[in-house]
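# Summary of structural features
The primary structure of each chain is shown beneath.
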Amino acid sequence: MTTLVIGANGQIGHQFCALAAQAGLPIKAMIRNEDQRAWFAERGIDAVIADLEGDFRHAFEGCDQVLFTAGSGPHTGSDKTLLIDLYAATRAIDVSRELGIKRFLMVSALRAENPQEAPEKLRPYMAAKFSADAYLRASNVPYLILKPGRLIDEPATQRVATSLAETGGENTVSRANVAHALVHLVQAEDLTGREFHLLDGERGIAEALR
Ligand SMILES: NC(=O)c1ccc[n+]([C@@H]2O[C@H](COP(=O)([O-])OP(=O)(O)OC[C@H]3O[C@@H](n4cnc5c(N)ncnc54)[C@H](OP(=O)(O)O)[C@@H]3O)[C@@H](O)[C@H]2O)c1
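Heads up: these notes are all about the structure in this document. Computed from a predicted model, the values in this text were never measured in an experiment. (Residues numbered from 1 in each chain as written. Predicted model: local features only at pLDDT ≥ 70, side-chain atom pairs only at ≥ 80, totals over all residues.)

### Some remarks on the overall build of the protein chain
How we decide: Per the convention used, a helix needs a DSSP run of H or I reaching at least four residues, while a strand needs a run of E reaching at least two, with both numbered from the N terminus. The size measure is the radius of gyration over C-alpha atoms, and the globule rule it meets is 2.2 Å times the number of residues to the 0.38 power. Partly exposed residues are those falling between the two cut-offs: more than 12 but fewer than 20 other C-beta atoms within 10 Å of their own, whereas 20 or more means buried and 12 or fewer means exposed, with C-beta atoms placed from the backbone. The contact criterion used here is simple: two residues whose C-beta atoms, placed from the backbone, lie within 7 Å are in contact.
A count of helices and strands for the protein chain gives seven helices and 11 strands. Radius of gyration (C-alpha) of the protein chain: 16 Å, near the 17 Å computed for a compact globule of 210 residues. Taking the principal axes of its C-alpha atoms as reference, the protein chain extends roughly 45 × 35 × 35 Å. Each of the 210 residues in the protein chain was classed as buried or not, and the buried ones make up 44%. A sequence separation of at least 24 residues applies to 68% of the contacts in the protein chain between residues at least 6 apart.

### Details of the sheet that holds strand β6 (residues 143-148)
In plain terms, the rule: A pair of strands is treated as paired once DSSP finds two or more bridges between them. Between N-to-C directions, angles cover 0 to 180 degrees, with each direction set by a line fitted to C-alpha atoms, over the stretch in contact for helices.
In space, the nine strands of this open sheet follow the order β3-β2-β1-β4-β5-β6-β10-β8-β11, with mixed pairing throughout. At either end of the open sheet lies a strand with only one pairing partner, and these are β3 (46-49) and β11 (203-204). Relative to strand β10 (residues 195-200), β6 runs parallel, the two being bridged by four bridges. Across the sheet, residue I145 finds its bridge partner in β10, namely E195. This element, helix α3 (residues 78-99), spans β1 (3-6), β4 (65-68) and β5 (103-107) of the sheet and lies at about 175° to β4.

### Observations concerning the pairing of β1
Heads up, the condition is: Look down the strands so they point away from you; if going from the first strand over the helix to the second traces a clockwise path, that crossover is right-handed.
Of the two faces of β1, the one carrying T3 and V5 and the one carrying L4 and I6 are both buried. Direction of pairing for β1 relative to strand β2 (residues 27-31): parallel, over a ladder of four bridges. Looking at β2, one finds that V5 is bridged to A29. With respect to chirality, the unit in which β1 leads through helix α1 (residues 11-22) into the neighbouring parallel β2 is right-handed. Both β1 and β4 contribute to a ladder of four bridges, which runs parallel.

### Some thoughts on unusual backbone geometry
One non-glycine residue with positive phi stands out, namely R111, at about 70°. Relative to the assigned elements, R111 resides in the loop between β5 and α4 (123-137). With 19 C-beta atoms counted inside 10 Å, the residue R111 sits in the partly exposed group. Unlike most non-glycine residues, N140 shows phi in positive territory, near 75°. Here N140 is to be found in the loop between α4 and β6. Since 10 C-beta atoms lie within 10 Å of it, N140 is described here as exposed.

### Comments concerning the nonpolar core
This is how it is decided: Here a nonpolar core is just a set of buried residues of the types Ala, Val, Leu, Ile, Met, Phe, Trp, Tyr and Cys, joined wherever their C-beta atoms sit within 7 Å.
Grouped together as the largest cluster of nonpolar side chains are 65 residues, with contacts concentrated most on V5, A29, V66, F68, F104, L105 and L182. Residue contributions to this core peak at eight residues, all from helix α6 (residues 175-187). When neighbours within four sequence positions are excluded, A29 is seen to be in contact with V5, A8, C17, F40, I45 and A47.

### Focus: the pairing of β10
Where strand β8 (residues 159-161) and β10 come together, two bridges link them in antiparallel fashion. Paired with V160 across the bridge in β10 is D200.

### Examining the site of the ligand
Operational definition: By convention here, the C-beta atom is placed from the backbone, and a residue is near a molecule or strand when that atom is within 6 Å of it. We call Asp, Glu, Lys and Arg charged. Ala, Val, Leu, Ile, Met, Phe, Trp, Tyr, Cys and Pro are nonpolar, and the rest, Gly among them, are polar.
As a structural note, the neighbourhood of the ligand is formed by 23 residues, with G10, I12, L52, A70 and G71 the closest of them. Of all the secondary-structure elements, those providing two or more residues to the shell around the ligand are α1, α3 and β7 (150-152). Looking at the shell around the ligand, the element that brings in the most residues is α1, giving three residues. In terms of residue class, the shell around the ligand is built from eight nonpolar, nine polar and six charged.

### Some words on the packing of α3 against α4
A packed helix pair is summarised by two numbers, namely the angle formed by the two axes and the spacing between the axes. So the rule is basically this: Should an angle fall under 35 degrees it is called roughly parallel, over 145 degrees roughly antiparallel, and 65 to 115 degrees roughly perpendicular, with every other angle called oblique.
Running from N to C, α3 and α4 cross one another at 10°; their axes reach a closest spacing of 9 Å. With respect to α4, the element α3 is oriented roughly parallel. Residues S78, T81, L82, D85, L86, A89, T90 and I93 of α3 lie in contact with α4, whose contacting residues are P124, Y125, A128, K129, S131, A132, Y135 and L136. Across the contact of α3 with α4, the residue classes break down as 10 nonpolar, four polar and two charged.

Structure, rendered in structure tokens:
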């Protein structure tokens, strides 16, 4: 099953692609420009150039599964939150349905189910994630939703938790652990239709995400 990685050049995207390539998993990286290609070529990863604000349908060619880990990031305004985190995600889901993609893995966010409970500054982002997740659930595209906590840059421990109760309220997870979890999830076809929170914790990934 070849996975199209949307957001492949991002921080999670890079870590996921490197691990997937090491594990011999078939992936195709969707990137935004030619300058980003060398990093993937060095690792033997096929890359396709496409922009989520333009026509990106061609990127899906030869892919059976989609991993959406793109995001507008913290340095843009609500306009990009709306265009990327919400609208581009729904368009990627539409293309997936039209092309018969076997599964769509969404990188959402912890507490996206309650945008009003987020700090005021984060509410538009959480509302975008909430709505993209709802669109995916209603789409008829087989899906899996991963909701990481606040992302931090720490080395992988490969030890995780799936609830705030389990971590005593600690709400962070390393991007490295998210990347490892995604490597597990893209291969776990039996987990289709499931949704997981993801935090740094004490349990092995396969044990926690099942
Ligand atoms: N930050 C948090 O605490 C947090 C918590 C939970 C979930 N998340 C989610 O985790 C995911 C990844 O996080 P991250 O830290 O890896 O983010 P990141 O480093 O900002 O990566 C985002 C990726 O999206 C790509 N992108 C943005 N606009 C695009 C466009 N118009 N067309 C194509 N690609 C576009 C970027 O491309 P370029 O490389 O070309 O810029 C980048 O590769 C996101 O979905 C985010 O919402 C974040």
